[in-house]
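Chains, contacts and geometry: an overview
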Amino acid sequence: MHNWDFAATLGDIDFLLLGLWNTLQVFGLALVFGIPLGLAIALGRMSRIPVLSQLCSFVIEFFRTTPPLVQLFWFFFALPILISVQMTPFVASVLTFSIQSSAFFAEIFRGGINSIDKGQWEAAKAIGMTRPVCLRRIILPQAVKRMIPAFAERSIELLKTTTLISTVSYADLMFQANELASKTFRPLEVYTVVAVMYFFLILVFSQLTILLEHRLARSGEGTLR
Amino acid sequence: MTPAVEIRDLHKSFGDLHVLKGIDLDVQQGEAVVLLGSSGSGKSTLLRCINFMEEPNDGRIRINGDLIGAERGGKMVYRENELCKLRTRVGMVFQHFNLFPHMTVLENVMEGQVVVLGRSKAEARDKALAQLARVGLEEKAPEYPSRLSGGQKQRVAIARALAMDPEVMLFDEVTSALDPELVGEVLKTMRQLAEEGMTMVCVTHEIGFAYHVANKVCFLQDGQILEQGEPHKVLKTPETSRVRDFLDGHSLFKLPD
């Protein structure tokens, strides 16, 4: 029977919290860049210009079908050789997960936008709105409400996938956990604490999205009935 | 006087399907014109060409004398900007209302005024409330559309179109999706508009409305206008057997006098 002793782990909790903070930075930036990029790719895919539409489809399919770890290694090791840029683990991580998640967000945006009744486009057009204005004022506000559950699901997936960035020596929560485990010889305790940290992080995040869903549902139609 | 709408030799095809085969139609200022015909006759397509929801393949449309589009090599070309501007001058109401569900009734009626016409919020609000009062729904201003009945939704949709101060109003089967008991309130609103001198073109199956409200009735058949004229003439003494059959079909189960 294992003799549980959290003293060493909790004594170095600051070390893990630093990792948590670094994880949140990559996660946050991947969302900040990934969501607008996802919208842009979705609009590109729905464009009537065949070349643009096909290009965006390819980007989506490519990043959805290749493993995130391969993408990360590619951005970290291959890209600097090809275009001779300085690549830090942080930049490679943010780049990988921004683009990778944008491919998924693009499909969520596309599904959300397509789910809005054609009559909404017609009504907006009939009062003189251009397509971009209609998209911004009429379609997206409704589509975003419907997208929230899928969006939350994808973001949680993203947050968990960021553990991969420990493999390029970025000091995220997983990386710090590995370090601490080998330092304290207490891997069970360390990974237990880390699991609890991820659990609460994601719990808080999902509660926030539910809150947001409720707030948005108050005006008109939403995903909640 | 310049007609509010002047249509000459209008053609529209969807792929191989030739839907409109040379339509000529004048709608005078303040006139209410009703388009009748069986489904597939092209009446809705004709209506949707007037505000360029559908771009015609050939022909000319003038709105209060202004030719829409520019002629290039015998063909009309249309710029999106020009069409957007035109649509602010020609209002349209749809069968399925198409209110914006994420906005209140008031916001629905303000939206086009603010976003498209660039009116101030205060001005748009005043105009919106005035139009809502006109259709008898001022007290519904703060509600969301989901709280309204079908008839109320359609009257809000009418107010939304009117708030743009259109020169012409188009009604595309606006009572077809309503419960029978709610049809009356919408038709009443439309009659009131006609009496106030609004220029209107209506696609409807309400023969009674056509008879009592329209100044002119056009019967479409196979993409062409088969008969047109004053309602009592076309609806009471039609010249063709086709129109007679259509009207008979509509009054098959009339109540005895």
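A short tour of the structure in this document, coming up. (Residues numbered from 1 in each chain as written. Chains lettered and ligands numbered in written order. Predicted model: local features only at pLDDT ≥ 70, side-chain atom pairs only at ≥ 80, totals over all residues. Heavy atoms only, no water.)

Some thoughts on empty space enclosed by the protein
Threshold: Using protein atoms alone on a 1 Å grid, points that fit a 1.4 Å probe yet trap it form a cavity, whereas open point sets bounded by protein on both sides within 12 Å along at least five of seven lines form a pocket; residues with an atom within 4 Å of a point count as lining. Grid points are joined across faces, edges and corners, and a volume is the space filled by probe spheres set on the points. Counting from the N terminus, the helices are the DSSP runs of H or I reaching at least four residues and the strands are the DSSP runs of E reaching at least two. All amino acids are sorted into three groups, where Ala, Val, Leu, Ile, Met, Phe, Trp, Tyr, Cys and Pro are nonpolar, Asp, Glu, Lys and Arg are charged, and the leftover types, Gly among them, are polar.
What the rule picks out here adds up to two cavities of 30 Å³ or more. In this structure, the largest cavity is lined by A:Ala126, A:Ile127, B:Arg87, B:Thr88, B:Val90, B:Gly91, B:Met92, B:Ala161 and B:Met164. When residues of the lining of the largest cavity are assigned to their parent elements, the largest contribution, three residues, is made by strand S8 (residues 90-93) of chain B. A per-class count over the lining of the largest cavity returns six nonpolar, two polar and one charged. What the second largest cavity holds in volume is close to 30 Å³. Here the lining of the second largest cavity is composed, by residue class, of five nonpolar, two polar and one charged.

Re the state of the cysteines
Under the convention used in this document: The rule for a disulfide is simple: a pair of cysteine sulfur atoms within 2.5 Å.
All chains considered together, the criterion is met by zero disulfides over all chains. Between B:Cys218, a free cysteine, and B:Cys202, which holds the nearest cysteine sulfur, the sulfur-to-sulfur gap is 11 Å.

Concerning the pattern of salt bridges
Residues and elements named next belong to chain B. This is how the line gets drawn: Any Lys or Arg side-chain nitrogen found within 4 Å of a carboxyl oxygen on Asp or Glu counts as a salt bridge. Under the scheme applied here, a residue whose accessible area is under 20% of the maximum for its type counts as buried, over 50% as exposed, and between as partly exposed, the area being computed with a 1.4 Å probe on protein chains only.
This structure, assessed with the given rule, holds 22 salt bridges over all chains. The salt bridge involving Arg-60 is made with Glu-71; its shortest N-O contact spans 3.3 Å. Within this pair, whereas Arg-60 is found in strand S4 (residues 58-63), its partner Glu-71 is found in strand S6 (residues 70-72), the two being separated by 11 residues in sequence. Judged by relative accessible area, which is 48%, Glu-71 ranks as partly exposed.

Considerations on the interface of chain B and chain A
For the record, the criterion: Contact between two residues is taken to exist if any of their heavy atoms lie within 4.5 Å; hydrogens are not considered. Buried area adds together the accessible area that both of two parts lose upon being put together, with accessible area traced by a 1.4 Å probe. Between N or O atoms, a polar contact is any pair within 3.5 Å; within protein, one atom must be a potential hydrogen donor and the other a potential acceptor, and residues adjacent in sequence are included only when both atoms are from side chains.
Tallying the contact residues gives 23 residues for chain B and 22 residues for chain A. When the two sides are added together, the surface that chain B and chain A hide from each other amounts to roughly 1900 Å², 63% of it contributed by carbon and sulfur. When the area that chain B buries against chain A is broken down by residue, the three leading residues are B:Phe100, B:Pro101 and B:His102, summing to 28%. A salt bridge links A:Arg137 to B:Glu111, with the nearest nitrogen and oxygen atoms 2.7 Å apart. Counting across the chain B and chain A interface gives seven residue pairs in polar contact (both at pLDDT 80 or more). Broken down by secondary-structure element, the contributors of at least two residues to the side of chain B that touches chain A are helix H2 (80-89), S8 and helix H3 (105-115) of chain B. In terms of residue class, the side of chain B that touches chain A is made up of 14 nonpolar, five polar and four charged.

Overview of the sheet that holds strand S1 (residues 5-14) of chain B
Residues and elements named next belong to chain B. Threshold: When DSSP finds two or more bridges between two strands, those strands count as paired. Only the stretch in contact is used when a helix axis is fitted, and all axes are lines through C-alpha atoms; the angle between N-to-C directions ranges over 0 to 180 degrees.
What the four strands build is an open sheet, ordered S2-S1-S4-S5; its pairing is antiparallel. Strands at the two margins of the open sheet, each flanked by one partner only, are strand S2 (17-27) and strand S5 (66-67). Sheet topology note: the S1/S4 ladder contains five bridges and is antiparallel. In the sheet register, Val-5 faces S4, and the bridge partner there is Ile-63. Its contacts with the sheet place helix H1 (residues 43-50) against S1, S2 and S4, and it is angled at close to 120° to S1.

What about a nonpolar patch on the surface?
All names here are of chain A. Defined as follows: Patches here: salt-bridge-free residues with over 30% relative accessible area, like charges joined within 9 Å, nonpolar side chains (Val, Leu, Ile, Met, Phe, Trp, Tyr) joined within 5 Å. Accessibility throughout is a Shrake-Rupley quantity obtained with a 1.4 Å probe, and a residue counts as covered only by protein chains that appear here.
Judged by side-chain polarity, Trp-74, Leu-82, Ile-83 and Val-85 come together as a nonpolar surface patch covering roughly 390 Å² of accessible area. Looking at the element boundaries, Trp-74 is found in helix H4 (residues 68-83). A residue is classified by how much of its surface remains accessible, and Trp-74, at 42% relative accessible area, is partly exposed.

Comments concerning the nonpolar core
Note the threshold: By nonpolar core is meant a set of buried Ala, Val, Leu, Ile, Met, Phe, Trp, Tyr and Cys residues that side-chain atoms within 4.5 Å join together.
Within the largest apolar cluster, 94 residues are counted, with the highest numbers of intra-cluster contacts made by B:Ile7, B:Leu35 and B:Leu46. Element by element, the count of residues in this core is highest for helix H7 (residues 131-161) of chain A, at 11 residues. Residues contacting B:Leu46, with those up to four places away along its chain left out, are B:Ile7, B:Leu10, B:Leu20, B:Ile23, B:Leu25, B:Leu35 and B:Leu220. Ranked by size, the runner-up nonpolar core spans 50 residues in total, among them B:Phe97, B:Leu148, B:Phe209 and B:Val234.

A look at the environment of A:Leu201
Residues and elements named next belong to chain A. In this structure, Leu-201 sits in helix H9 (residues 187-217). Here Leu-201 falls in the buried class, since its relative accessible area comes to 18%. Distance from Leu-201 to Ile-41, taken between C-alpha atoms, is 29 Å for residues 160 residues apart in sequence. Aside from chain neighbours lying at most four places away, what touches Leu-201 is Leu-20, Leu-24 and Leu-159.

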